[in-house]
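# Inside the fold
Each chain, letter by letter, is given below.
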Amino acid sequence: YIGEDSRALDLGCGVGRHLLPLRSAGLHVSGLDYAKRHVSLLHKDFPGIPVRQGDWKQTPYKNSSFDVVYSLGRNILHETQLPAQSQLFGEVNRLLPIGGTFVFDIPDRTVGNYQKLAKKYAGVMKKRGISNSRYGLVYDSPDGQNFMTRYVYGHDDIVALAEVNGFVIEEIKKKELKNGHGDVNMYYTLKKIADAPDHDGIRGSRESEKRLASAQAS
């Protein structure tokens, strides 16, 4: 998706797992990460590299700064609340021109370990009488040591987030992971077809949230 003349942004670039190989291939890729430590390490080891620290819901870049924005490694699971999820998609929209591309991956929560996690967590919430917890909220660990709350999106979530924030889904690819759990990764490619709603300069306003909730319900 990244052509030789494209401007690309690695959203949640970490310490450069995807960013560095792409730049080594001669592509124009910048990076943004929330963790100051990650950004400091990249600046230390690769002086002059175009990586900045910041919140991906309110980035420091100008409108239409990039042709492609990608976030790989299931990064978007870290946004667990509906308003923040809508803000993220809306901000990516702002960074792209009409026709721009947004690529990201999520686990398929209908199979494997993530299906079990989602059902288990939903069961715990029901047992405790908590009725405002969204199905897909889980408490897990990518490495077995550091645990965190994450939200495993369903396909309907992505459809709704895309619709509300000016995207259409162009392509979905699935890949079975060889981890012994029957897990499947889903890779989404979204295309910007319109500007996302921007109310008082804040993405994910109450009006946007209502539209998103309505789209998910339908």
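All of the points below concern the structure found in this document. (Residues numbered from 1 in each chain as written. Predicted model: local features only at pLDDT ≥ 70, side-chain atom pairs only at ≥ 80, totals over all residues. Heavy atoms only, no water.)

### Structural notes on helix 5 (residues 155-164)
Taken together, the buried positions of helix 5 are occupied by Asp157, Ile158, Ala160, Leu161, Ala162 and Val164. Directly after helix 5, the chain includes Gly166, whose backbone phi takes a positive value near 80°. (Buried < 20%, exposed > 50% of the residue type's maximum accessible area, 1.4 Å probe, protein only. Helix = DSSP H or I, 4+ residues; strand = E, 2+ residues; numbered from the N terminus.)

### Some remarks on the side chain of Ser30
Topologically, Ser30 is positioned in strand 2 (residues 28-33). Residue Ser30 is classed as buried on the basis of its relative accessible area of 16%. Not counting the four nearest positions on each side in its chain, Ser30 is found in contact with Ala8, Leu9, Asp10, Leu19, Pro50 and Phe66. (Contact = heavy atoms within 4.5 Å.)

### Here's the deal with the pattern of salt bridges
Enumeration over the complete set of coordinates arrives at nine salt bridges. For Lys57, the salt bridge is made with Asp55, and the minimal N-O distance between the two is 3.1 Å. Lys57 gets classed as buried once you look at its relative accessible area, which sits at 17%. When the shortest N-O distance is used, the salt bridge between Glu79 and Lys57 registers 3.3 Å. Here Glu79 is found in the loop between strand 4 (68-71) and helix 3 (82-95), whereas its partner Lys57 is found in the loop between strand 3 (51-53) and strand 4, with 22 residues between them in sequence. For the pair formed by Glu79 and Lys57, the shared burial category is buried. The structure contains a network of salt bridges with shared partners spanning Asp55, Lys57 and Glu79. (Salt bridge = Lys/Arg side-chain N within 4 Å of Asp/Glu carboxyl O.)

### Observations concerning the side chain of Gln85
Position of Gln85 among the secondary structure elements: in helix 3. A polar contact is formed between the side chain of Gln85 and the backbone oxygen of Glu79, at a distance of 2.8 Å. Contacts of Gln85, omitting those with residues within four sequence positions, involve Glu79, Thr80, Arg134, Tyr151, Tyr153 and Leu161. (Polar contact = N/O pair within 3.5 Å; in protein donor to acceptor, adjacent residues only side chain to side chain.)

### Things to note about unusual backbone geometry
Positioned with a positive phi, Ser64 is a non-glycine residue whose angle comes to about 55°. With respect to the helices and strands, the residue Ser64 is situated in the loop between strand 3 and strand 4. At Arg74, a position not held by glycine, the phi torsion is positive, near 60°. If you trace the backbone, Arg74 turns up in the loop between strand 4 and helix 3. Judged by its relative accessible area of 13%, Arg74 falls in the buried class.

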